[in-house]
Structures are given as C-alpha cells and as structure tokens.
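Fold and contact review
The chain contents come next:
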Protein chains: 2
Amino acid sequence: MKRLLFTIATVTCATSPALAADLTRISPDAVATAQKLRDQALDDHAAYDFVAGLTTEIGPRLAGSANDQRARDWVTARFKAMGFDKVWSEPATFPKWVRHSEHAAIVSPYPQNLVVLALGNSPKGNVTGDVVAFKDFNELKSADAAKVKGKIVYIGYRMHQQRDGHDYGMGSNGRTNGPEQAAKLGAKGFIFRSAGSDSDRLPHTGVTHFDDKSPQVPAAAMSNPDADLLERMLAGGKAVTINLNLDCGFEGTYTGANVIAEVTGSAKPDEAVVIGGHLDSWDPGTGAIDDGAGVAIAAGAAHLIEALPKHPKRSIRVVAFANEEAGMFGGHAFGAAHKADVAKFTIGAESDFGSGKVWMLNSQVKPEALGAIDQMMQVLSPLGVERGTNGHAHGGDFGAMGDAGMAVLDLTQDGTRYFDWHHTANDTLDKIDPKDLAQNVAVYAAFAYMAANADGDFGSAPGAFAAKP
Amino acid sequence: MKRLLFTIATVTCATSPALAADLTRISPDAVATAQKLRDQALDDHAAYDFVAGLTTEIGPRLAGSANDQRARDWVTARFKAMGFDKVWSEPATFPKWVRHSEHAAIVSPYPQNLVVLALGNSPKGNVTGDVVAFKDFNELKSADAAKVKGKIVYIGYRMHQQRDGHDYGMGSNGRTNGPEQAAKLGAKGFIFRSAGSDSDRLPHTGVTHFDDKSPQVPAAAMSNPDADLLERMLAGGKAVTINLNLDCGFEGTYTGANVIAEVTGSAKPDEAVVIGGHLDSWDPGTGAIDDGAGVAIAAGAAHLIEALPKHPKRSIRVVAFANEEAGMFGGHAFGAAHKADVAKFTIGAESDFGSGKVWMLNSQVKPEALGAIDQMMQVLSPLGVERGTNGHAHGGDFGAMGDAGMAVLDLTQDGTRYFDWHHTANDTLDKIDPKDLAQNVAVYAAFAYMAANADGDFGSAPGAFAAKP
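Here the residue numbering is sequential within each chain, running from 1 through the sequence in written order. Chains carry letters and ligands carry numbers; both start at the beginning, A for chains and 1 for ligands, and go up in the order they are written. Local features in this predicted model are restricted to residues of pLDDT 70 or higher, and side-chain atom pairs are both shown and tallied only at a pLDDT of 80 or more, whereas totals for entire chains, interfaces and linings draw on every residue.

Each helix is a run of H or I in the DSSP string that is no shorter than four residues. Each strand is a run of E no shorter than two, and both are numbered from the N terminus. Scanning chain A for helices and strands turns up 13 helices and 14 strands. For the radius of gyration, the atoms used are the C-alpha atoms, and the globule rule reads 2.2 Å times the number of residues raised to 0.38. The C-alpha atoms of chain A give a radius of gyration of 23 Å, which matches the 23 Å a tight globule of 469 residues would have. Dimensions of chain A, computed from the C-alpha atoms along their principal axes, are close to 70 × 45 × 40 Å. Out of the 469 residues in chain A, the part that is buried amounts to 58%. Partitioning the contacts of chain A with sequence separation of at least 6, the portion at a separation of at least 24 is 84%. Whether a residue is buried, exposed or partly exposed follows from its count of other C-beta atoms within 10 Å of its own C-beta, namely 20 or more, 12 or fewer, or something in between, respectively; the C-beta atoms are built from the backbone. By the convention adopted here, residues make contact when the C-beta atoms placed from their backbones lie within 7 Å.

Dropping the structure here:
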C-alpha cells in the first residue's frame, strides 16, 4: 500500500460544558508521532506474520483443547520475541466442551446425508424425528408446544452479506436461544440454517446456551445448501424425518489464561490502554479471521509503539483473551481481576470482526474527552474511518470492563465477508487481505499511542458508563 | 428472462466446394420453429425442475453406489412422465470403486488436520512420510527417483477462474497421472492441490489412473487452503511429515446403464440427433452442475420438441450416460453398441460443463453442412453464442461415436465458476442460475430441432472424421 502523506492536522477545540481543566487533549507532538505510526503500519508485516504463524504452527484453537495450551505457549513466545517489556498470563476457568463427531441425515422421504456441525455446549444425543420448521427464532418463541413436541425443530432464517453484519442478530439468536426454546416446548432435537451469509457446504458452528434448569436437546448447524435441500423437501408437503447423531458434551472444567504483553509507559506505567483480540477459535478452521487477526492487529500495533525511541506516558497492554467463543470467559476473568482498578485502564478496544478495514469509530468516553476523540479522527479519517456515536460502545471481551466503567472504543470493521467464513472450516489465512490487515494495525497503533499519551483521561471510573441506552 | 423477439433470420447460402446436391440446408419453416422453441425455452422451467428434483430426491450419484440404481429409476420415471415416446436403458459395465473414509494430517513439524478426499480409483492405504513437492505434473515427470523414493509426493499446481477453464488441463493432468508417476518413482503416497479455482476448504475429488502393471499408492486431493497451509510449512524449510489414511478401493464390477428417451421422428425415425449429459456424479455434492444440469438441459430441450404439433423428421434421443466420472464407461458402452450404425446418428452434443451460458459453437461436420451450421448460428447468436471452428469438436460421452465418424457439436459453456464447485461438496442446486440454465435449453432445443429437420446430413459416416488435428 502506498504510504499516505498528510500535513499535520489542525487541532480544533471541541466545545464542552465541562471545565477547561477537565478537557482531555493530545499534544501536537503526540499527534505527529501517531501520524508516523499510522503511515509506518501500512507497510509493516508484523501483524500478518503473526496470524500466518499462528494459523500455520498451531491452527484451530478450541478452548480447552490441547491446542489451547499450545496456542498460549506460542503467543507467549511470540510476544517475547517481539520485544515487549513484559509478558504474563492471567488464569481463566471455564467448562470444557468437547466435539467428538457429528452425523446427520434425512431419513425420509428422500434419504440424503446432511453436512452439520454440533453447536458448542450441545449435549450428546442420537435422535430421529420429523422436522417442524420455523422461519426464525421469534416464530419458534411463540409456537404452540403441541406443534413441537417429539419433533426436531428447524429454524430457516437466512443471513445476507452486510458491512455491519446486522443479520447476525437474528441469525445468532436462533443459534443461542433456539435449542433451549425447542427443548422447553418438548422437541427432541434442533437444527438450523447456519448463521452465515455464504453458499458453501460448510456449516457455521457457534455457541448455544441452556439454563441449568432447562431440558437439553442435541443441537447442530447445517450449511446453507443443506438447509436449501431440507426446505425443498419440506415444500414438497411430505413429512421429512431426520436423524441427528452428535457425540459431544462437557468434560469437567479447564483453566486457560489470557496472555498479556505490555509496552511499559514512560511516565504512568500503571495506567494502561488495553487492546486485543481473542486467542481461542472454533475448531473446523484455523481461526484466522476469528480471531487470530484481532490478536495480530493489536500485537502489530503495540509492536510499532514498542519500537519508538520514547514510549508513550501510559502503558499499552495487548490481551490475547481465553475462550471468547463459548461465552467470553476470558473477558469475564479479566473484568473480575481488574474492574476494581478500572480507573487505571485508560481506554480499551478489542478487534473481533475479522480483518476487513476499520470504517467507523464509536466511543464510550466522557464528554470532556470528545475533543481528544476528534483529534484521533483527524489522524484516522485518511484511513477511511468515519466518526460514529458516543455512548455505549461494543467492548467485546473488554465489555466486562466497559460495564464496570472503563472507556471503550469500538473500531468497527467492514464485515461484508465475515459471516461467509466465521465459525467454519473456511476460516483460513487466505481470507485475510494483508493490506486490509495493515489498515487495522494503522488504526490501532495511532489510536493507542494517542490515548496513551493524552493529557487527561477518557472517563474510566467505577460506574462511569452505567447509564446506557 | 424477457422473451426475445426477432424477425425471421435471413438465410444466406454458404459457398462450398461440394456439389449443390450434397449441401445440407434447413428449411425456412424449420428455422422459424426453432426460433419459437428458442424463445419458449427461455421461459420454460422443465430443465430446472428436473435438476431440482434429481438433486433433492436422489442427490449424489456415485457410479455403482446404491444411488446409481435409484437415479436410473428416477430418470426413467421422469422421462416417462415428461411424455417422451420411448424410454429405455442400455447396459454399461465398469469396475465398482467405493469410498469408505479418508483422513489426513500433518504430523510434524506443526500437527494439523488436512481436509482431503480420496481420488477415484485410489487404492486403500495408510502411509506416513515426508513430503516432496513439485510445482506441477511436468516437474514430477522429470524428477529423479532418488528424490521421491519413500516420500509422499505433493503437486501444488494452482488453477484460476477462466471462461474456458483451460487451467484444468494441467490441473487434471496432475490428478490423473500424478499418482501413477509418483508410484513408479517409489513414492509411498500422493496428495495434490485440488484441480479447483476456489478458496474453499472443500477438496475436489476426481478420477486417477493406474495401469494394471503399475505400482499403486493411495492418492488424495486437498483443498486449496490446506495446500496453502502445507506450502507455508514447506517454505519454513523443515521436513514436513504427513499421514494419509484412505479406506477405499475396488469391489468387483457393476452393471449400470445409459437411460435413453426418444422424441420419435415423423419421417426418418431411425435416424437420430443425440443430446445428453451424464447421470452419475461424484459423491461429496449432489451432482447439480456436474452433471445433473447437462441431463436436465437435454431433457428440457427434447421436452419442448416433444410437445410440438409435428415432430421433426428425425428422432431426438436424450442420453443420460452412466459412469462418466471414472472414465466415460457409459460413453464407451454407447459407442460399442452403436458405432456400426454411426451414419444413422445425425449429429450429437453433450452438455457437461455446468450450467453457465453457452457462448461458443464448435463443430465436427462435413464441409457441405457448414451452411446449415451458419443457419443455426443465426438462430443461436441472439442468445450470445459465437461461432468457433469446424474440425474436431469435443464429444464428451459422445466422443466414442465422434471418433467413429459421428458429426458432433461442442456447445461451449461459460466455465468461469465451474471449477470452483465441480467434484466438491459445493456442487449443489444453488450454484445453478435458472436463467443461465434456460439459455442452455434454448440453444439445445433450437439446434436439435434444426438438425433433426435438416435436408441432408452433417457427415456422419464410418471413419468420417478420422483425420483430426
């Protein structure tokens, strides 16, 4: 990518009801350094090398699997090799779910195999029954139990490609809540049209959820072409009988860890800007876009800052989170460990939406820091980043900290292709465009440096952002 | 698709060295009827309904499998339901190859599972060895046995999307001839980068070949992302060890059949224009584009002609060929049964390149029939069909008849996406654009009707096209 050349951006003062003494500002020197980091990042390969190494040398990283430990060892060694000042781990404990095998087939009226993946947290089970179909979770939610009892529930909601991936709301709702609802209504099993926007015969796995007191049924995702096939049979008007045979389930608990690397601050090392992604992945692919890319982006950005002649005032910490996929266990562990010290966490941002370019910045900061966000925007807008809103930003694995009062940025990526590949065997390195990845690194390096060098804070304080829309 | 409206094409006379009495011509009435058939076909759903039914009610149709018989029963019943005048079968016997399971993994330096499919005709085998890589078959062919002995051979040739799919020449060469060559050089196994232009983690199976006297090794295709992964490891410089465990092989012989439907000619019923596709498919998908579409296109075209108030002079026969995939066994059986009567087969064309639009017409006809081909072009060119060459046309399953002297048309389809999906689990109905399929039906209906009604022949005679380039 061509190096971007800009003149030093003019710093404009935001108007604010607060006292001038509370205003958060970024010095012209820090803005200039951020611009250099941004331009340097566009030609830097550290993030791509990181995710290439992780996907090649480790591959899939199902939380609790043998690769969980291997991946943490790999990242720890890589963080040290990258020259970070400190590298450590913080434990995260969670139930260990294991996938052994899954088979599904249409038994009648026209026997055909179905390509399925068990959903994370699904129990083991081998069930055969007639299919009862619903267009989406809402229709299932309002269904009569008499219609569902003894059947295998199917939800057919179809996602489409979108930059913001908003269909995933309804798509993942069916996956997360559909099996429990089906079980409550007396179903014997659950299958659904994958929460994915592709047309490949590769199902999208993902987590589902059962309350401890709920009945449980085996639950699986089918690929879009398989869902099409099932729907054509259903349209024929004959009863469609399916066998669903899943060998999977929980096997005790597992203690993994968030792996953390630090660029130690030059003036206030105990305060930290936190960036990161999650190290675990689903098992069919190699966890490239979800979320090797996110860890790589954060590590690549911090690596550029680590190499500066002078570190920013505050520390920058890169967090490679444990087990996000089954319920943000790493994020919750991080929150539990640190939310009492939330004021020391200047601001946080997780990258967990693939490797498409960042196109929008949403924030969760105090009003007095909006001028500093405007300063960041002047550095980021040449990368194609637009300003979104201030209020409640999506914290991802930093959500627990955000809920506790940490300031958060949501650096929204282009997710047009994300749901074609995520949680499938297709989540492989070739899906990452190195130039798009570098744009992400540029955004994270510039923002993190400016935040770490800001005069004033972004509002992190216990309960600071409690009132959310 | 909007109905195409054309004025009756002006018929131009081709100049030819032959006597006027030998010239083959199509009457203005026949041209007019062909134009009506063409326009009608663009709004006709019979072909799409055919392939939707076949893929939904039968699905994969591996030659010799239980679905081989089921598919023939289905097509026989469907041909009868479509109202063809005659429906019959002609036997085709071939070795029965069976796929039970396949597993492959990189053992070291970085353990990872590989997604593979055994190649058709591969023997069973469980081998572990270091990988020796070649860029394509030609490089393997000239390799020193000392370099290959005891290793697992890998060929990394990468195909790209092309309208004419010409990369498949080199891609399929590696698949067909690579394993035998590797075995001759002392290798213990063979894997290759699928002969496919996609980036999905779905391998492309396909047939390989071993001479009876050759040593044999287990042979499998890996997906493009898996091949990328292997190549990244190889680029690291360490020895890469692979385990390849295939359970597959021959289990006796099987007698299937070509299923044939006839629109009986009104004046010369013993003479026939033959069109068709192959009914068998590889097993990972449902055989939609390869080649349910081809059979559907031919059946849809003949169905329109069947419904005419008056049938053309000659018969039209639709052939749903047996076992094309493992070596054109159905085509060879058809040739063996009929080539003594080659003069009665007016002209033939098989559709076996997916469901993209026909964009070129190549011919293998006598010079005196080129004027009639020009007349066909006037009807077909509004569909986007360009004139190719005359000489040796690609006969596919009609190749044995073509070699024996039958006139042949090669109605070349747009294959840009074909090698993304063929021989993979992704060969499913959603890959067929109904409008593109209808254009194919329009081409086949118009050409077949004109050929069946032509005054004069296209040169079919024993040995007529023996001198080929």
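Turning our eyes to something else, we now look at the pairing of strand β11 (residues 345-350) of chain B. Residue and element names in this part refer to chain B. Counting buried positions over the six residues of β11 gives six, a clear majority of the element. Here five bridges tie strand β9 (residues 268-278) to β11, and the two strands are oriented parallel to one another. Residue pairing for β11: I275 is matched across the bridge by A349. Strand pairing follows a simple DSSP-based rule, namely that at least 2 bridges must link the two strands.

The next subject is the domain arrangement of chain A. For chain A, the assigned domains read domain 1 (20-85 + 264-453) and domain 2 (99-250). When residues are sorted by character, Ala, Val, Leu, Ile, Met, Phe, Trp, Tyr, Cys and Pro go into the nonpolar class, Asp, Glu, Lys and Arg into the charged class, and all the rest, Gly among them, into the polar class. When its residues are assigned to classes, the side of domain 1 of chain A that touches domain 2 of chain A shows six nonpolar, seven polar and five charged. Boundaries between domains were set according to an automatic or database domain assignment.

If a strand is regular, its side chains alternate between the two faces of the sheet. Residue and element names in this part refer to chain B. In this sheet, strand β10 (residues 314-321) lies alongside β9 in parallel orientation, the contact comprising eight bridges. Bridged to V274 within β10 is R317. Looking down the strands as they point away from the viewer, one classifies a crossover as right-handed if the path from the first strand across the helix to the second runs clockwise. Regarding the hand of the β-α-β motif, the stretch spanning β9, helix α8 (residues 288-306) and β10 is right-handed.

So, about the interface of chain A and chain B. Size of an interface, as often reported, equals the accessible area lost when the parts are brought together. Taken together, the contact pairs 21 residues of chain A with 21 residues of chain B. Looking at the side of chain A that touches chain B, the elements with two or more residues in it are α2 (46-57) and α7 (224-235) of chain A. Counting residues per element, the side of chain A that touches chain B draws most heavily on α7 of chain A, at five residues. Of the residues that constitute the side of chain A that touches chain B, the class distribution is nine nonpolar, six polar and six charged.

Each of the two chain copies can be brought onto the other by rotation about an axis and movement along it. When the copies are superposed, the least-squares fit draws on C-alpha atoms of residues that have pLDDT of at least 70 in both. The transform that puts chain A on chain B rotates by 180° and translates by 0.0 Å along the axis, for an RMSD of 0.0 Å. In symmetry terms, the pair is related by a two-fold rotation axis. Of the C-alpha atoms belonging to chain A, the one lying closest to the rotation axis is found on D200 of chain A, 3.9 Å away.

What follows concerns unusual backbone geometry. All names here are of chain A. Between S108 and the following residue, P109, the backbone shows a cis peptide bond with an omega angle of 10°. For P109, the location among the structural elements is in the loop between β1 (86-108) and β2 (112-114). Although it is not a glycine, M328 adopts a positive phi angle of roughly 55°. Within the secondary structure layout, M328 lies in the loop between β10 (314-321) and α9 (329-338). A residue is classified by how many C-beta atoms lie within 10 Å of it, and M328, with 24 of them, is buried.

Each pair of packed helices gets described by two things: the angle between the helix axes and the distance between those axes. Residues and elements named next belong to chain A. Where helix α10 (residues 370-380) meets helix α13 (residues 434-453), the axes come as close as 10 Å, and the angle between the chain directions of the two elements is 150°. The pairing of α10 with α13 is recorded here as roughly antiparallel in orientation. In this structure, α10 crosses over α13, and the sense of that crossing is right-handed. Contacts from Q375, M376, V379 and L380 of α10 reach α13 at V443, A446, F447 and M450. When the residues that make up the contact of α10 with α13 are grouped by side-chain class, the tally is seven nonpolar, one polar and no charged. Axis definition: a line fitted to C-alpha atoms, over the contacting stretch in the case of helices. Angles run 0 to 180 degrees between N-to-C directions. Each angle is binned into one of four classes, with values under 35 degrees roughly parallel, values over 145 roughly antiparallel, values of 65 to 115 roughly perpendicular, and all other values oblique. Handedness of each helix crossing follows the sense of rotation of the near helix against the far helix: counterclockwise by less than a right angle gives left-handed, clockwise gives right-handed.

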